[in-house]
Amino acid sequence: MFNALKRWWNEPGGSRSTVVLAFIVFVLAVWTFFEMVGGAVPGRYLELEAKILRGFRQPGDLSRGIGPQELGDMVRDVTALGGVAVLTLVVIVVVGFLALRGRFRALVLILAATISGVLFTDAMKSVVARDRPQVVPHLVEESSLSFPSGHSMMSSVVYLTLGSLLAQTMARRREKFYIVAVAVLLTLLVGVSRVYLGVHYPTDVLAGWSAGVAWAILFWGIAWWLQRRGQLRRPAN
């Protein structure tokens, strides 16, 4: 094991810096999540969060989001990208494609990341038991607990995991960058939409993002390791 790591460290190319950066981001994501658990849940940032939630509403009418009515409709459409129905459909489509291509190890990784992410989110909601914010009226109906944001975490888990695994099948760096950038953009838009709609505190979303990023990096690392051992296909030039 040590000799294998030593050989990898001495290899030319960019994989070493990528793995080191991923590890740093993973550590920061885990730290951020536990900071939110220890600081945000007891209400340490509640005053700032209330200002942010009100900042997304019309002055003098907290029942209306900022911007025209069309913006509110767009935000509801965007938030659906992190909902159970859309994410389930995305995973089913990707899993079906991988099955057709005979990529069963990648298929298992996708399912494992998604299912474990759902279980972790539900467990944390039950343990923390934080109520939804009441600072502003909700623009959509939600009945579950608030911390962490399930939409934010699961969009991070699904889109970032899919993006990172798909990027590993690309040979060109710009293609890798584009795929990961799209996954990050979708994740950010979903999280911001939850605050706009008033159904989550900003720290709920930050916790969901950080947990989802850590989840995605963990499974990216597993895929990277399997690829180096020849158990996942490498990209074709």
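Everything here concerns the structure above.
Residues numbered from 1 in each chain as written. Predicted model: local features only at pLDDT ≥ 70, side-chain atom pairs only at ≥ 80, totals over all residues. Heavy atoms only, no water.

> For the overall build of the protein, give the residues involved together with the corresponding values.
Counting its regular elements, the protein contains 9 helices and 2 strands. Secondary structure elements of the protein occur, N-terminal to C-terminal, as α-α-α-β-β-α-α-α-α-α-α. Within the protein, the proportion of its 237 residues that are buried is 42%. A total of about 13,100 Å² of accessible surface is found on the protein, and carbon and sulfur atoms cover 68% of it. (Helix = DSSP H or I, 4+ residues; strand = E, 2+ residues; numbered from the N terminus. Buried < 20%, exposed > 50% of the residue type's maximum accessible area, 1.4 Å probe, protein only. Areas by Shrake-Rupley, 256 points an atom, 1.4 Å probe, with all protein chains shown as cover.)

> Which residues make up the side chain of Arg194, and what values do they have?
Mapping Arg194 onto the fold places it in helix α8 (residues 173-196). Note on Arg194: relative accessible area 1%, which makes it buried. A distance of 2.9 Å separates polar atoms of two side chains, one belonging to Arg194 and the other to Thr79. Dropping the residues within four chain positions of it, Arg194 is found in contact with Thr79, Arg132, Glu142, Ser149, His151, Ser152, Val199, His200 and Val205. (Polar contact = N/O pair within 3.5 Å; in protein donor to acceptor, adjacent residues only side chain to side chain. Contact = heavy atoms within 4.5 Å.)

> Describe the nonpolar core, with residues and values.
Phe33, Leu109, Ile110, Phe147, Val157 and Val158 are the most contacted members of the largest nonpolar core, which has 31 residues in total. Elements with a minimum of two residues in this core: α2 (15-40), α5 (84-100), α6 (104-128), α7 (150-167) and α9 (202-228). The residues contacting Phe147, other than those within four sequence positions of it, are Phe33, Met36, Val37, Val41, Met124, Lys125, Val128, Arg130, Thr203, Asp204 and Ala207. (Core = buried A, V, L, I, M, F, W, Y, C linked by side-chain atoms within 4.5 Å.)

> An account of the packing of aromatic side chains is requested, with residue identities and associated values reported.
For the structure on display, the rule yields 5 aromatic pairs. With a centroid separation of 6.1 Å and an interplanar angle of 35°, the aromatic rings of Phe33 and Phe147 are classed as tilted. A residue pair is termed long-range when its members are at least 10 positions apart, and Phe33 in helix α2 and Phe147 in the loop between α6 and α7 qualify at 114 residues. Judged on exposure class, the residue Phe33 and its partner Phe147 are both buried. Aromatic rings pair up to connect Phe33, Phe34, Phe120, Phe147 and Trp215 into one cluster. (Phe/Tyr/Trp six-rings, centres within 6.5 Å; stacked < 30°, edge-to-face > 60°.)

> Mind laying out the pairing of strand β2 (residues 61-65), listing which residues take part and the relevant values?
Looking at chain direction, strand β1 (residues 57-58) and β2 are connected through 2 bridges and run antiparallel. Looking at β2, one finds that Gln58 is bridged to Asp61. Between β1 and β2, which pair antiparallel and follow one another directly, the connecting turn spans 2 residues, one of which, Gly60, has a positive phi of 85°. (Pairing = 2+ DSSP bridges.)

> If you had to explain unusual backbone geometry to someone new, which residues and values would you point to?
Of the consecutive residues Phe147 and Pro148, the connecting peptide bond is found in the cis state with omega at -10°. Relative to the helices and strands, Pro148 is located in the loop between α6 and α7. For Ala129, which is not glycine, the phi torsion reads 55° and is therefore positive.

> Before we move on, can you summarise α5 with the specific residues and values?
Along its 17 residues, α5 runs 24 Å from first to last C-alpha, staying within 8% of the 24 Å computed at 1.5 Å per residue. Considering only its buried residues, α5 is in contact with α6 and α7. Positive backbone phi, at 75°, marks Gly102, one or two positions downstream of α5. (Expected span 1.5 Å × (residues − 1).)

> Quick rundown of a nonpolar patch on the surface? Include the residues and the values.
Taken together, the side chains of Val20, Phe23, Ile24, Val27 and Leu28 present a nonpolar region at the surface, about 440 Å² in accessible area. Note that Val20 resides in helix α2. For Val20, a relative accessible area of 34% translates into the label partly exposed. (Patch = residues over 30% accessible without salt bridge, like charges linked within 9 Å, V, L, I, M, F, W, Y side chains within 5 Å. Salt bridge = Lys/Arg side-chain N within 4 Å of Asp/Glu carboxyl O.)

> So what's going on with the packing of α8 against α9? Which residues, and what values?
Packing of α8 against α9 brings their axes to within 9 Å, and their N-to-C directions diverge by 155°. Between α8 and α9, the interaxial angle falls into the category roughly antiparallel. Taken as a pair, α8 and α9 cross one another with a handedness that is right-handed. Across the interface between the two elements, Thr187, Leu188, Gly191, Val192, Arg194 and Val195 from α8 touch Pro202, Val205 and Trp209 from α9. Counted by class, the contact of α8 with α9 contains 6 nonpolar, 2 polar and 1 charged residues. (Axes fitted to C-alpha atoms, helices over the stretch in contact; angles between N-to-C directions. Parallel < 35°, antiparallel > 145°, perpendicular 65-115°, else oblique. Left-handed = near helix turned anticlockwise from the far one by under 90°. Nonpolar A, V, L, I, M, F, W, Y, C, P; charged D, E, K, R; others polar.)

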